[in-house]
Amino acid sequence: MEDLSVVILAAGQGTRMKSSVPKVLHRIAGRPMIHWVLDAAEGMSPDQIVVVVGHGGQEVAKEVSGRASVVWQAEQKGTGHAVLTAKDAVGTSCRDVLILCGDTPLLEAPLLQELVKRHRASSNHLSFYSFTLDEPARYGRVVRSSGGSVERIAEYKDLSPSEREIREVNSGVYTARLPFLWELLEEVRDDNAAGEIYLTDIVAGARRKGLKVEAFVAPNAHPFLGVNDRTELAAVEAVARQKILRKLGLSGVTVVDPASTYVDYGVSVGPDTVIHPFSFLRGHTVIGAGCCIGPGTDIADSTVEDGATIRFSVVESSRIGPMVAVGPFSHIRPGTVLETGARVGNFAEVKNSRVGAGSKIPHHSYVGDATVGERVNLGAGTVIVNFDGKEKHHTVIGDRAFIGCNSNLVAPLTIGKGAYVAAGSTITEDVPEDSLAIARERQVVKEGWVKRRNR
Ligand code: UD1
Ligand code: CA
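Residues numbered from 1 in each chain as written. Chains lettered and ligands numbered in written order. Predicted model: local features only at pLDDT ≥ 70, side-chain atom pairs only at ≥ 80, totals over all residues. Heavy atoms only, no water.

Quick notes on the coordination of the calcium ion (ligand 2)
The condition is simple: Atoms of type N, O and S within 2.8 Å of a metal are treated as its donors, and for Na, K and Ca the window is 3.2 Å; water is not considered, so some sites may appear to be missing partners. For the purposes of this entry, the term helix denotes a DSSP run of H or I that reaches at least four residues, the term strand denotes a run of E that reaches at least two, and both are numbered from the N terminus. For every residue, the accessible area (1.4 Å probe, protein chains only) is compared with the maximum for its type, and the residue is labelled buried under 20%, exposed over 50%, or partly exposed between those bounds.
The coordination sphere of the calcium ion (ligand 2) contains the protein donors Asp103 (OD) and Asn228 (OD1), at a distance range of 2.2 to 2.4 Å. Here aspartate 103 is found in the loop between strand 6 (96-101) and helix 5 (109-121), whereas its partner asparagine 228 is found in the loop between strand 11 (213-217) and helix 9 (230-250), with 125 residues between them in sequence. What makes aspartate 103 buried here is its relative accessible area of 14%. Residue class for asparagine 228 comes out buried when judged on its relative accessible area of 16%.

Now the structure itself:
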C-alpha cells in the first residue's frame with residue numbers, strides 16, 4: 001500500500017507476564033511474537049515499518065533488525081507517548097500511519113489492508129477496528145453516542161460501572177491521517193488512573209476537533225487477541241496452532257487429532273503424511289511425503305524424508321532418510337543420519353552417528369560417535385563404548401557386519417566389512433573383514449553340580 005507507514009508498539013514492560021523476557025519475545029508456535037506482527041505489517045507493503053522498543057529494547061531491536069527500523073522509548077509513559085516517539089522516524093511524507101501493538105500476534109495483512117482501504121474511502125482522519133467479547137476483560141471499551149457514533153475509548157482502569165458492561169472493545173489496530181495524528185497526540189494528557197499517555201485518548205480528541213473518526217466492528221475477535229499474561233499467551237498459542245494445522249490439512253497432511261498436535265511455525269510437512277496424536281514438530285523441521293509421525297513423537301530441527309515412520313520417539317537435529325523406521329521408544333540425538341530403510345528401536349539411542357542403508361539397530365542399543373555401514377545388524381543390547389571418561393572416540397562398522405547380542409564395542413575401533421562378533425563379547429581390538437571375533441569366557445558345564453551341592 002502506498003503512502004503508508006506502520007508503527008508497532010513494543011516498548012511496554014508486560015508487567016502481567018511476570019517475566020524476565022520482554023513480552024513481544026515470548027514465543028507463539030516456536031517463534032517470537034513480534035515476528036508474527038511483522039509478517040502482517042510486511043504483508044501490507046508499506047513505505048516503512050518502525051518498531052518502538054524500550055523495555056528489553058536491546059533484545060527486541062536485535063530480533064527485528066533487518067525487518068524494521070527501531071526507535072527508542074526510553075521511559076514507557078503509555079501507548080500515546082510510544083507513538084509520539086516514532087514521529088521523527090515516520091517523517092511527514094506519508095499520508096497515513098497504521099498503528100499496531102506488538103502483543104497481538106494473530107493479525108493478518110488482508111484484514112489490515114481492509115482497514116486502510118475503508119479509512120481512505122471514507123476520508124476519515126482516524127479509523128480503528130473494534131470487536132465484541134462476551135467477557136471484555138481488560139480491553140478498552142468503545143463508548144458510542146446514542147446516535148451510534150464513536151465518542152471515545154474508555155480504558156479498563158478508568159471504567160465506570162456502566163462502561164464495564166460495554167462489550168464492544170478496542171482492538172489496538174488504528175490508522176490515522178497525518179499530520180492530524182501528531183496534533184492529536186501532542187494534546188493527550190496523563191490525567192487518568194494509570195497516569196499514562198493513552199493513545200486511545202486521540203479518539204475523544206478527534207471528536208472534539210470535529211475530525212472524522214470511525215470504528216469498524218470486526219466480525220471475529222481472533223485476529224486481535226492480545227497477550228498480556230500467560231493465560232492469554234496460551235489462548236493465542238491455541239489459535240495460532242489451529243491455523244497452522246488447518247493449513248497443513250489443506251495441503252494434504254492428515255492431522256489425526258488437532259487438539260494434541262503441536263507444529264511450530266515454519267515446519268513443512270509433505271502430502272499424505274499422517275501425524276498421530278501427542279506429536280510435536282519443532283524448530284527447523286522438514287517432514288517429507290507419506291511419512292507416519294507419532295503417536296507420541298517429538299521432532300526438533302530435523303529432516304525426515306519420504307515414507308519414514310517415527311513412533312513414540314524423540315528426534316533432535318538429525319536426518320532421517322527415506323523409508324526409515326524409528327521406534328517405538330527411541331532417542332535420535334543431534335548429528336545422526338539414518339540412511340534409506342534403516343531401522344532403529346525399540347529402546348535405542350543413537351548419537352552423532354551415521355547408519356547406512358538397510359542397517360538395523362532393533363533392540364535396546366546405544367550407538368554413539370559411530371559410522372555404521374550398509375545392511376549391518378546390531379544385535380539386541382549392543383553398546384558402543386565411545387567414552388573413556390575423558391574423551392569420545394569413533395567406531396567404524398563395515399557393511400554387512402553382524403554384531404551379536406549384548407556386545408560392547410570399545411572405541412576407537414574398526415569392525416571390517418562382513419565381520420561377525422559373537423554374542424556377549426567385549427571387543428577392544430579391530431576385527432578384520434569377514435572374520436569372527438569372540439571375546440568372552442568359554443562356557444564351562446559342571447554336570448551334576450546342583451545335586452552334589454544340595455547333598
Ligand atoms: C491497549 C489499549 C486498549 C486495547 C488493547 C488491545 C491503550 C491505552 N489501551 O491496552 O484500549 O483494548 O490495547 O490489545 O492503548 N507500549 C509501549 N509503550 C508504552 C506502553 C505500551 O510501546 O509506554 C506497547 C506495549 O509493549 C504493547 C502495546 O503498546 O505492545 C499495548 O500496551 P498494553 O500495555 O499491552 O495495552 P493494553 O492494556 O493491552
Ligand atoms: Ca496489550
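As for the pattern of salt bridges
Selection rule: Think of a salt bridge as a Lys or Arg side-chain nitrogen and an Asp or Glu carboxyl oxygen that are within 4 Å of each other.
If you walk through the whole model with that rule in mind, you get 19 salt bridges. The shortest N-O distance in the salt bridge between arginine 67 and aspartate 39 comes to 2.6 Å. One end of the pair, arginine 67, is in the loop between helix 2 (57-64) and strand 5 (69-72); the other, aspartate 39, is in helix 1 (residues 33-42), with 28 residues separating them in the sequence. Between lysine 351 and aspartate 369 there is a salt bridge, with the nearest N and O atoms lying 3.0 Å from each other. Here the residue lysine 351 occupies a position in strand 28 (residues 348-351), and aspartate 369 occupies one in the loop between strand 31 (366-368) and strand 32 (370-372), the gap between them amounting to 18 residues. The two residues lysine 351 and aspartate 369 agree in class, both being buried.

Description of the state of the cysteines
This is how it is decided: A pair of sulfur atoms, both from cysteines and within 2.5 Å, is called a disulfide here.
Taken as a whole and assessed by the stated rule, the structure comprises 0 disulfides. Unpaired in this structure, cysteine 291 has its nearest cysteine sulfur neighbour in cysteine 292, at a distance of 8.6 Å.

Describing the site of ligand 1
The criterion, for reference: Note on definitions. A residue lies near a molecule or strand when any single heavy atom of the residue is within 4 Å of it. We get accessible surface area from the Shrake-Rupley algorithm with a probe of 1.4 Å; when it comes to residues, only the shown protein chains can shield them. Under the scheme applied here, ten amino acids are nonpolar (Ala, Val, Leu, Ile, Met, Phe, Trp, Tyr, Cys and Pro), four are charged (Asp, Glu, Lys and Arg), and all others, including Gly, are polar.
Taken together, 23 residues form the shell around ligand 1, and within it Gln73, Gly78, Thr79, Glu155 and Asn170 come nearest. Relative to its unbound accessible area of 760 Å², ligand 1 is 89% covered by the protein chains. Of all the secondary-structure elements, those providing two or more residues to the shell around ligand 1 are strand 1 (4-10), helix 3 (79-85) and strand 10 (168-177). Looking at the shell around ligand 1 residue by residue, the class counts come to 7 nonpolar, 11 polar and 5 charged.

Things to note about the nonpolar core
Applicable threshold: By nonpolar core we mean a set of buried residues, namely Ala, Val, Leu, Ile, Met, Phe, Trp, Tyr and Cys, connected to one another through side-chain atoms within 4.5 Å. The domain limits used here are those given by an automatic or database domain assignment. Any two residues whose heavy atoms approach within 4.5 Å are treated as being in contact.
Core analysis: the biggest nonpolar cluster contains 92 residues, and Ile8, Leu98, Leu100, Ile320, Ile397 and Ile415 have the highest contact counts within it. Looking at which domains feed residues into this core, each of domain 1 (4-224) and domain 2 (313-437) gives three or more. If near-sequence neighbours (up to four positions away) are discounted, isoleucine 415 is found in contact with Val396, Ile397, Gly398, Ala401, Ile403, Leu409, Val421, Ile427 and Val431. Ala82, Val142, Val203 and Leu211 belong to the second largest nonpolar core, which has 34 residues in total.

Considering the sheet that holds strand 23 (residues 319-320)
Put simply, the rule is: Pairing between strands is defined by DSSP: at least two bridges between them are needed.
Across the sheet, 9 strands lie side by side as 14-17-20-23-26-29-32-35-38; this open sheet has parallel pairing. A strand with exactly one partner marks an edge of an open sheet, and here the two such strands are strand 14 (268-269) and strand 38 (413-415).

A word on the packing of aromatic side chains
Under the convention used in this document: Aromatic rings from Phe, Tyr and Trp, with only the six-membered ring used for Trp, were paired whenever their centres fell within 6.5 Å, and each pair was classed as stacked if the ring planes differed by under 30 degrees, edge-to-face if by over 60, and tilted otherwise.
Tallying each qualifying case throughout the model produces 9 aromatic pairs. Seen in terms of ring centroids, phenylalanine 312 and phenylalanine 329 are 5.4 Å apart; in terms of plane orientation they differ by 25°. Their pairing is stacked. Here the residue phenylalanine 312 occupies a position in the loop between strand 21 (309-310) and strand 22 (314-316), and phenylalanine 329 occupies one in the loop between strand 24 (325-326) and strand 25 (330-332), the gap between them amounting to 17 residues. Looking at phenylalanine 329, the relative accessible area reads 41%, which means it is partly exposed. With centroids separated by 5.1 Å and ring planes inclined at 20°, the aromatic side chains of phenylalanine 402 and tyrosine 420 adopt a geometry described as stacked.

Digging into the environment of phenylalanine 387
For phenylalanine 387, the location among the structural elements is in the loop between strand 34 (383-385) and strand 35 (395-397). Note: C-alpha distance between phenylalanine 387 and glycine 307 (80 residues apart in sequence) is 34 Å.

Structural notes on the environment of valine 169
Considering the arrangement of structural elements, one finds valine 169 in strand 10. In sequence terms valine 169 and isoleucine 153 are 16 residues apart; their C-alpha atoms lie 8.4 Å from each other. Leave out the neighbours within four places in its chain, and valine 169 touches Tyr129, Ser130, Phe131, Leu133, Pro136, Tyr139, Gly140, Arg141 and Val142.

The values are spatial; any link to function lies outside them.
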